[in-house]
Amino acid sequence: MYYYPHLNRYLDYHKQSLQDIENFWDYQGRIIPWFKRWEKVLEKNHPFYRWYVGGYLNASYVCLDHHLDSIRRNKIAYYWENELGQTESVSYLELYNRVNAFANFLKNLGVKKDDVVLIYMPMVIDSIVAMLAVARLGAIHSVVFSGFSKNAIIDRIEDSKAKYIITATHTYRRGKRIDLFPVVKDIDLPYIEKIIVLDRDGNFKEEGKFVKWNKDLEFVYVTPEIRESNDPLFVLYTSGTTGKPKGILHSTGGYLVYVASTLAWAFNVNDDSIWWCTADIGWITGHSYVVYSPLALGLTSFIYEGAPDYPNPEKWWSLIEKYKITEFYTSPTALRMFMKYGEDHIRKYDLSSLRMLGSVGEPINPEVWTWYYENVGNKKCPIIDTWWQTETGGFILAPFMGIIPLRPGYASLPLPGIEVDIVDEKGNSLPANTKGFIVIKKPWPGMMLGILNDEEKYKQTYWSKFENMYYPGDYAIKDENDYIQLLGRADEVIKIAGHRIGTFEVESAILESELAAEAAVIGVPDELRGEIAVAFVTLKEGIQSNEEIKQKILMKVREVLGPVVVFSNIFFVEKLPKTRSGKIMRRLLKSILTEKEIGDISTLEEEASVEEVRKAYEELKKTLA
Ligand code: WT7
C-alpha cells in the first residue's frame, strides 16, 4: 500500500477514539444541546447498554428550538416537491411554528408522554411535522411505510398498542393517486382512540374517531417534554427470521448524538449544504438521515414525493440541478435502474453543485459504483458507501468525509468510536481476504435500546451467536488494509431493493392463501433490485397448480406484506427438499437456482425431491429464455 497521509491520520484518530470510548463519546455528546448534562456516559448491563444516563433533552428542541437563536432561524429546513410539480419550503422558524401548533392539537386530543402514535404518511413536510410533534410531547412514534398493507399496520398496532394513527387522505406515485386513509379506516382495534387525517384535497369528512388535521392550526407554544436520554424516541419495525417483525426501539440521547455525528463524519456536511437523502421516512434511513440528523445539524434538506423515474428518467437529475443539491444519498437499486436508462438523461443537467454521493441498503457492485462516480459525480465526488442497519441507528462503516482512499464495492472502514471485526463461526478474528461474519465489538450510542416487548429475542438475535459481540447477520471480508466489503445476509433475510424481508414472513403470507400446504422462499440475485424472491410451494390436496392459483398466491402476499415483495417466480412442486429433522433446505434450493455446487446432500430426506427442484430449475431456465 502506498502512503496515504489522510488514511494514516484517520487510522490514528480512529485508534485513539477506541482507546477510551467513554471519554470519546463523552466529548461527542456535546454535538447536541441538552437540558441537563448526563451523569454517566455509559452504563453496561450486558447486553443492555445505556448512554448518557441522567442526561435530559427533547428531540424536537434539539431539531428546532435550538436553532432559533442562531442564523438558522430563517434558514430553509426543507424544500419539498411532488410529481405534480407542486412545491413547498419551510424555514426552521416555520417548522418550529408548525410543530408546536400540531403538538398542541395532538395534546388536545389526549396524546401524552409515552403513548405510541402510529404514523402512516407520504413524503410530505407534514409527516416530519407529525414525527417532531409526537417527540415534542414525549410520545413515541411508530412510522409505518406508506406502501405497507392494512395487515402490516394491524400487526404493528397490536404489538405496540398504538393509541393514535396519523395518516393522510392520499399520496401520488407514477401519476396515480394512492389512497392512504381507506387503508386504515376499517382498522377496528380497541386501543385506537383517534385517527388523525391530513386532508389533502378538501374532501375529508370528520366522523367518530376520524379527526381532520386542519392545516391552518393556530400557533400555541408547547413546552417540550423533558426526556431522559434513554427514554425511547421511536419504535420502527423491521423484518427478521421469524414471522413477526421486530419493533426496534431507539433512545433519545444516544440516538441523536450518533446520527448527528455520523452524518457529519461521513458526508462532511456544512451550513451551506443542500442535502438530499432519497429514502422514505418509513425506513430507518428516513428517520436518521432525512429527519433527525439533518435537523439536529441545522441543514437544509430536499425531499421528494414521487417515483424516481416518473414521468421520465430525468426527474431526479433535474431536481439536483434545480435545488443545487450538494450531497446526494440514495440506494444501489435506484442507481441500477438509472444505469439501464443510459447517461444521456443525466448529461442534460448541470450537476456541478454535487460534492458527495452516498449509497445505502445493499452492497453496491463495483460497476454501479464506477458508473455513479463517473456519470453522476463527474469523477469529482467521493462515493460514501454506508453500511448500517435499523438496529444500529446510524452509519457503522463509511469512508470518513471521503478523505480516505476509496475502493469500489467497499464500505471501507468503521467510523470513529466503532470497532468491528470479521470472525469465523467461533468468533475468532479472521485474516484478510477470508469471508466471515461482521461483528461490532464495542457499544456505540446509536445502538437500539432493545426490541419492544421482547427481551429474549433481542438477546438471542443479536448477542447469542458470539460472546460480547453484536451480531448484525451479514457476511463480510476485509482486504490487507482492513477495508471491508459486505457480502450479503448470513441469515434467512433477503433484501429486495434494499428492503429487508424475512423469508419466513413471505412463507407465512403464502400459507395464508389457504392454497399452499408448504412454502419455501429464497432470495436470488436480481440485476435491478439486488435480490428478489423465489417461492417453492406444495399445494394442498386436491388443488391443481395453474396460473390462477399462482395469481391468487401472489395477491395474498401483496395483501399481507404490501408491494415490497417482488417475486421472480413461484414454482409448484410435489415435495420440498428437507433435512432428516424436517427442516426445509433453503440453501439447496438456492444453490440450484444460482447454479452453485449442491454440496453435501446426505442430510436430505429423500433424493427424489432434489430431482423435483432440479426440474423446477429447468422450468425457470425455460421461462427466462
Ligand atoms: C441490512 C440492514 C441501513 C439502512 C437501510 C437498510 C444491508 C445496508 C449496506 C451497504 C451492503 C448493506 C445489510 C444490513 N446493508 N447497507 N452499504 N452495503 N449491505 O436498513 O433494513 O435495517 O437493513 O441492509 O445486509 O444488515 P435495514
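Residues numbered from 1 in each chain as written. Predicted model: local features only at pLDDT ≥ 70, side-chain atom pairs only at ≥ 80, totals over all residues. Heavy atoms only, no water.

(A) Looking closely at the overall build of the protein chain. Of the regular secondary structure elements, the protein chain holds 18 helices and 30 strands. For a compact globule of 625 residues, the expected C-alpha radius of gyration is about 25 Å, and the protein chain comes in at 24 Å, within 12% of that figure. Along the three orthogonal principal directions, the C-alpha set of the protein chain runs to about 75 × 70 × 55 Å. Counting all 625 residues of the protein chain, 61% fall into the buried class. For the protein chain, contacts bridging at least 24 residues in sequence account for 71% of all contacts bridging at least 6. Element-wise, carbon and sulfur atoms account for 48% of the exposed surface of the protein chain, whose accessible area totals about 25,500 Å². For the protein chain, the distance from the average site of its 74 positive side-chain charges to the average site of its 84 negative ones is 2 Å. (Helix = DSSP H or I, 4+ residues; strand = E, 2+ residues; numbered from the N terminus. Rg over C-alpha atoms; globule rule 2.2 N^0.38 Å. Buried < 20%, exposed > 50% of the residue type's maximum accessible area, 1.4 Å probe, protein only. Contact = heavy atoms within 4.5 Å. Areas by Shrake-Rupley, 256 points an atom, 1.4 Å probe, with all protein chains shown as cover. Lys, Arg positive; Asp, Glu negative; His and termini not counted. Charge placed at Lys NZ, Arg CZ, Asp CG, Glu CD.)

(B) Broad picture of the packing of aromatic side chains. For the structure shown, the criterion picks out 56 aromatic pairs. On the numbers, 6.4 Å between centres and 85° between planes, the contact of Tyr 289 with Tyr 329 is edge-to-face. Here Tyr 329 lies in strand β18 (residues 327-330) and Tyr 289 lies in helix α9 (residues 284-296), a separation of 40 residues in the sequence. Tyr 329 sits in the buried class, given a relative accessible area of 1%. For the pair Phe 466 and Tyr 471, a centre-to-centre distance of 5.8 Å together with 75° between the ring planes defines the contact as edge-to-face. (Phe/Tyr/Trp six-rings, centres within 6.5 Å; stacked < 30°, edge-to-face > 60°.)

(C) Quick peek at the sheet that holds strand β21 (residues 420-423). Taken in spatial order, the four strands line up as β21-β22-β24-β25 in an open sheet, and their pairing is antiparallel. Edge strands, defined here as strands with exactly one partner in the open sheet, are β21 and β25 (484-489). Recorded for the sheet is a direction-independent mean angle of 45° between the axes of neighbouring strands. Of the pairings in the sheet, the one linking β21 to strand β22 (residues 436-440) comprises four bridges and is antiparallel in character. Across the sheet, residue Val 420 finds its bridge partner in β22, namely Ile 440. (Pairing = 2+ DSSP bridges. Axes fitted to C-alpha atoms, helices over the stretch in contact; angles between N-to-C directions.)

(D) Quick look at the environment of Gly 409. Among the structural elements, Gly 409 can be located in the loop between β20 (383-386) and β21. Spatially, the C-alpha atom of Gly 409 lies 6.4 Å from that of Gln 485, the residues being 76 residues apart in sequence. Excluding anything up to four places from it in sequence, Gly 409 contacts Ile 364, Pro 366, Trp 369, Asp 385 and Gln 485.

(E) Seen up close, a nonpolar patch on the surface. On the surface, Phe 35, Tyr 56 and Ile 226 cluster together to form a nonpolar patch covering roughly 260 Å² of accessible area. For Ile 226, the position within the fold is in the loop between β12 (210-213) and β13 (227-228). (Patch = residues over 30% accessible without salt bridge, like charges linked within 9 Å, V, L, I, M, F, W, Y side chains within 5 Å. Salt bridge = Lys/Arg side-chain N within 4 Å of Asp/Glu carboxyl O.)

(F) Representation of helix α5 (residues 125-136) within the structure. Between the first and last C-alpha of α5 there are 16 Å, a value that for twelve residues agrees with the 16 Å anticipated at 1.5 Å per step. Within α5, twelve of the twelve residues are buried, which leaves the element mostly enclosed by the surrounding structure. Where α5 is concerned, the buried positions are Ile 125, Asp 126, Ser 127, Ile 128, Val 129, Ala 130, Met 131, Leu 132, Ala 133, Val 134, Ala 135 and Arg 136. Positive backbone phi, at 75°, marks Gly 138, one or two positions downstream of α5. (Expected span 1.5 Å × (residues − 1).)

In short, the description is geometric, and any link to function would need to be established separately.
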